[in-house]
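Structural description and commentary
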Amino acid sequence: MRALLQRVVRSAVHIDGFPSRQIDAGLCILLGVCKEDTSEDAEHVAEKCVNLRIFEDDQGKMNRSLSDIGGHALIISQFTLYGDTRKGRRPGFSDAAPPEQANQLYELFVDAVKQKGVPVQTGEFGQHMHVEIHNDGPATFMVESQQ
């Protein structure tokens, strides 16, 4: 499992036929699910995302977590995080989980983040979305499962 974290001052997702969803300060999390991922991976990555110290303290050092700042999370499913671009000109997606498995683990991840007390907004799995990311810093981090 891969979670691309972007520290944001604001982030939103727009999907045709659905109301826009947005957050203020917190994280926009783009989540990719690998075909070998399990529920343990979802829990591990959620724990890491919520508690990773990537927000500044009063001295300007990255010493506070999403949980510490009372931040929000916008979580978007992004299978392209498993796009393999090493060969040719078209990415291969053979490592990405099939949609049914990916959706199940995506939902487990979202629930795990919510259970840690973080207010969450989400995209819609499998839908075409427009995502606004107002990156703060910019600060972007990759969190991966233990595999």
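First, a word on scope: everything that follows refers to the structure included in this document. Quick caveat, the model's predicted, so the values are computed rather than measured.

Let's talk about helix α1 (residues 39-51)
Along its 13 residues, α1 runs 18 Å from first to last C-alpha, staying within 8% of the 18 Å computed at 1.5 Å per residue. Residues of α1 that are buried include every one of Asp41, Ala42, Val45, Ala46, Cys49 and Val50, and no others. Seen from one end, α1 has its buried residues packed into an arc of 155 degrees, which puts them on one side. For α1, the secondary structure elements touched by its buried residues are β1 (2-14), β3 (26-32), α2 (66-69), α3 (99-115) and β8 (130-144).

Quick notes on the environment of Arg53
If you trace the backbone, Arg53 turns up in the loop between α1 and β4 (55-56). Look at Arg53 and you get exposed, because its relative accessible area is 52%. Spatially, the C-alpha atoms of Arg53 and Arg64 are 4.6 Å apart, while their sequence positions differ by 11 residues. Ignoring anything within four residues of it in the chain, the contact list for Arg53 reads Met62, Asn63, Arg64 and Ser65.

Some points on the packing of aromatic side chains
Per the stated rule, a full pass over the model turns up 2 aromatic pairs. With 6.1 Å between their ring centres and 45 degrees between their planes, Tyr106 and Phe125 make a pair best called tilted. One end of the pair, Tyr106, is in helix α3; the other, Phe125, is in the loop between β7 (120-122) and β8, and 19 residues separate them in sequence. Judged by its relative accessible area of 25%, Phe125 is partly exposed.

Some remarks on the side chain of Asp57
Within the secondary structure, Asp57 sits in the loop between β4 and β5 (62-64). The charged side chain of Asp57 is buried without a salt bridge, its nearest counter-charge being Arg64 at 7.2 Å.

Quick look at the environment of Glu56
Tracing the backbone through its elements, the reader meets Glu56 in strand β4. Glu56 sits 44 residues away from Glu100 along the chain, and the two C-alpha atoms are 38 Å apart. Here Glu56 is in contact with Arg7, Lys61, Met62 and Arg64, once residues within four sequence places are set aside.

Let's talk about α3
At 3.6 residues per turn, the α-helix brings residues three or four places apart onto the same side. Counted at 1.5 Å a residue, the expected span for α3 with its 17 residues is 24 Å, and the 24 Å between its end C-alpha atoms agrees. Those residues of α3 that fall on the buried side of the exposure criterion are Ala102, Leu105, Tyr106, Phe109, Val110, Ala112 and Val113. Projected onto a plane normal to the axis of α3, the buried residues spread over an arc of 160 degrees and lie on a single side. Exposed residues lying more than 90 degrees from the buried face of α3 are Glu100, Gln104 and Gln115. The secondary structure elements touched by the buried residues of α3 are β3, α1, β6 (72-77) and β7. Downstream of α3 by a residue or two, Gly117 has a phi angle that is positive, lying close to 90 degrees.

Rules of the game
Residues numbered from 1 in each chain as written. Predicted model: local features only at pLDDT ≥ 70, side-chain atom pairs only at ≥ 80, totals over all residues. Heavy atoms only, no water. Helix = DSSP H or I, 4+ residues; strand = E, 2+ residues; numbered from the N terminus. Expected span 1.5 Å × (residues − 1). Buried < 20%, exposed > 50% of the residue type's maximum accessible area, 1.4 Å probe, protein only. Arc of directions from axis to C-beta. Contact = heavy atoms within 4.5 Å. Phe/Tyr/Trp six-rings, centres within 6.5 Å; stacked < 30°, edge-to-face > 60°. Lys, Arg positive; Asp, Glu negative; His and termini not counted. Salt bridge = Lys/Arg side-chain N within 4 Å of Asp/Glu carboxyl O.

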